[in-house]
Amino acid sequence: MESINEIFDLECFFHLSPDWLCVAGFDGYFKKINPAVSKTLGYTESELFAKPIDSFVFVDDRRITASKRESIIKNNPLYDFENRYVTKSGEIIWLSWTSMPVQSQQLVFAIARNITDKKKLEEFSRTSVIFNDREERKSASVQNRDAIDGVNNSAFFANLKPISQLSIADQLWLYELETLVRKYIGKVDLSIVLLSNEMGLSERQLHRRIKNTTGITPNNYIRRIRLHMSMEAINSGKYRTVAEISYVAGFETPAYFRKLFKEFYGRDVAELLQ
């Protein structure tokens, strides 16, 4: 009878798998990895073998990861454990692990699936200022429902597409863009030029894609994020004046910020600072 190695080329399977296939020692070092690990993290095999696995784990996840590793060493299999790693370029990725210990060899056999896109979609669906701002405005103006309903007819909400109409690719792209806008939110002169350079698109391409994806203009898109950031600043309790909030959210003047805030949330920002 043919052996399984004769029927299937297991080494080929190991090298072609898009998931991480790893063998780690109880000493906390990789012993064998498939190419997917190097490709994802951007390190060579030599670099990955030379340092403890923990050094590639996102710093905030190291404690829980170490705890799980200790449990595995005590002969407890691990299922569906999620943590973050950091690539050579500094990007954070999410992984979901299944790990099995082999006590006799002091080794751990593990499979990890890259779930970064799934996590980004979850984060976008939960926090996107474009599609979730109605609830934000309700909390700010719960005693002024007429004003809230009236805002729905403003330029802020005209032509806005529902999130159900967006493809997964579009949602992921908007997540990246929203993250970038937040990165530069303190810049009053945040421009399409800056965003287009960061996204690797021409100004025209960026303008067209934002408009086609969301139904609103780039300026409207950026303004929404600024206003949402202003609400986050208010809720933090760290700021006491309209001018401070305006500066944090990147608006040019407190008067202009105050006008937009009332149009968007249906309430004077000063009322929330009292």
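The structure this text deals with has already been given above.
Residues numbered from 1 in each chain as written. Predicted model: local features only at pLDDT ≥ 70, side-chain atom pairs only at ≥ 80, totals over all residues. Heavy atoms only, no water.

Novice: Describe the overall build of the protein chain, listing the residues and the values that go with them.
Specialist: The helix and strand inventory of the protein chain stands at 14 helices and five strands. Residues counted as buried form 42% of the 274 residues belonging to the protein chain. Sequence separation of 24 or more characterises 54% of the internal contacts of the protein chain that already satisfy a separation of 6 or more. Accessible area for the protein chain stands at about 15300 Å²; split by element, carbon and sulfur atoms hold 52% of it. (Helix = DSSP H or I, 4+ residues; strand = E, 2+ residues; numbered from the N terminus. Buried < 20%, exposed > 50% of the residue type's maximum accessible area, 1.4 Å probe, protein only. Contact = heavy atoms within 4.5 Å. Areas by Shrake-Rupley, 256 points an atom, 1.4 Å probe, with all protein chains shown as cover.)

Novice: How would you sum up the sheet that holds strand β5 (residues 107-114)? Please name residues and give values.
Specialist: Across the sheet, which stays open at both edges, the five strands sit in the order β2-β1-β5-β4-β3 with antiparallel pairing between neighbours. Edge positions in the sheet fall to β2 (30-33) and β3 (78-86), since each has one partner strand and no second. The mean inter-strand angle of the sheet, taken between neighbouring strand axes irrespective of direction, is 30 degrees. Bridge count between strand β4 (residues 92-102) and β5: eight bridges; the pairing is antiparallel. The residue bridging L95 from the neighbouring strand is N114, located in β5. Along the sheet, helix α5 (residues 62-73) contacts β3, β4 and β5; its crossing angle with β3, the most-contacted strand, is approximately 140 degrees. (Pairing = 2+ DSSP bridges. Axes fitted to C-alpha atoms, helices over the stretch in contact; angles between N-to-C directions.)

Novice: Could you give an account of the pattern of salt bridges, with specific residues and numbers?
Specialist: Tallied over the entire structure, the rule returns 10 salt bridges. The salt bridge partner of K31 is D27, with a shortest N-O separation of 2.9 Å. Relative accessible area serves as the criterion here: at 42%, K31 is assigned to the partly exposed category. Salt-bridge contacts for E82 lead to K119; the nearest nitrogen and oxygen are separated by 2.7 Å. Placement of the pair is E82 in strand β3 and K119 in helix α6 (residues 116-127), with a sequence separation of 37 residues. Of the residues examined, E82 reaches a relative accessible area of 31% and is grouped as partly exposed. (Salt bridge = Lys/Arg side-chain N within 4 Å of Asp/Glu carboxyl O.)

Novice: Got a sec to walk through unusual backbone geometry? Specific residues and values, please.
Specialist: Residues other than glycine seldom take positive phi values, yet N75 does so here, at roughly 75 degrees. Within the secondary structure layout, N75 lies in the loop between α5 and β3.

Novice: So what about the environment of V108? Which residues, and what values?
Specialist: Locating V108 in the fold gives a position in strand β5. With 82 residues separating them in the primary sequence, V108 and F26 have C-alpha atoms 7.0 Å apart. Sequence-distant contacts of V108, that is, excluding residues within four places in its chain, are made with C22, V23, A24, F26, I72, S99, M100 and P101.

Novice: Give me the lowdown on the pairing of β5, citing residues and values where you can.
Specialist: Relative to β5, strand β1 (residues 20-25) runs antiparallel, the two being bridged by six bridges. Bridging across to β5, A24 finds its partner in V108. Linking β4 back to β5 in an antiparallel pair, the connection comprises four residues, with Q106 at a positive phi of about 55 degrees.

Novice: How would you summarise the environment of I72 if you had to cite specific residues and measurements?
Specialist: Tracing the chain through its elements places I72 in helix α5. We classify I72 as buried; its relative accessible area is 6%. Linking I72 and S99, residues 27 residues apart in sequence, is a C-alpha distance of 7.6 Å.

Novice: Describe the nonpolar core, naming the residues involved and giving the relevant values.
Specialist: Within the largest apolar cluster, 24 residues are counted, with the highest numbers of intra-cluster contacts made by W20, L41, L48, Y85 and W97. Breaking this core down by element, the ones donating at least two residues are β1, β2, α3 (35-41), β3, β4 and β5. Once you skip the residues sitting within four places of it in the chain, W97 turns out to touch W20, C22, L78, Y79, D80, F81, N83, Y85, A110, I111 and A112. By size, the runner-up hydrophobic cluster in this structure holds 19 residues, among which are L180, I185, L195 and I210. (Core = buried A, V, L, I, M, F, W, Y, C linked by side-chain atoms within 4.5 Å.)

Novice: For the environment of K211, give the residues involved together with the corresponding values.
Specialist: Locating K211 in the fold gives a position in helix α11 (residues 203-214). Given the relative accessible area of 32%, K211 is considered partly exposed. Considered as a pair, K211 and L160 are 51 residues apart in the sequence and their alpha carbons are 9.5 Å apart. Non-local contacts of K211, meaning those with residues more than four positions away in its chain, are made with I216 and T217.

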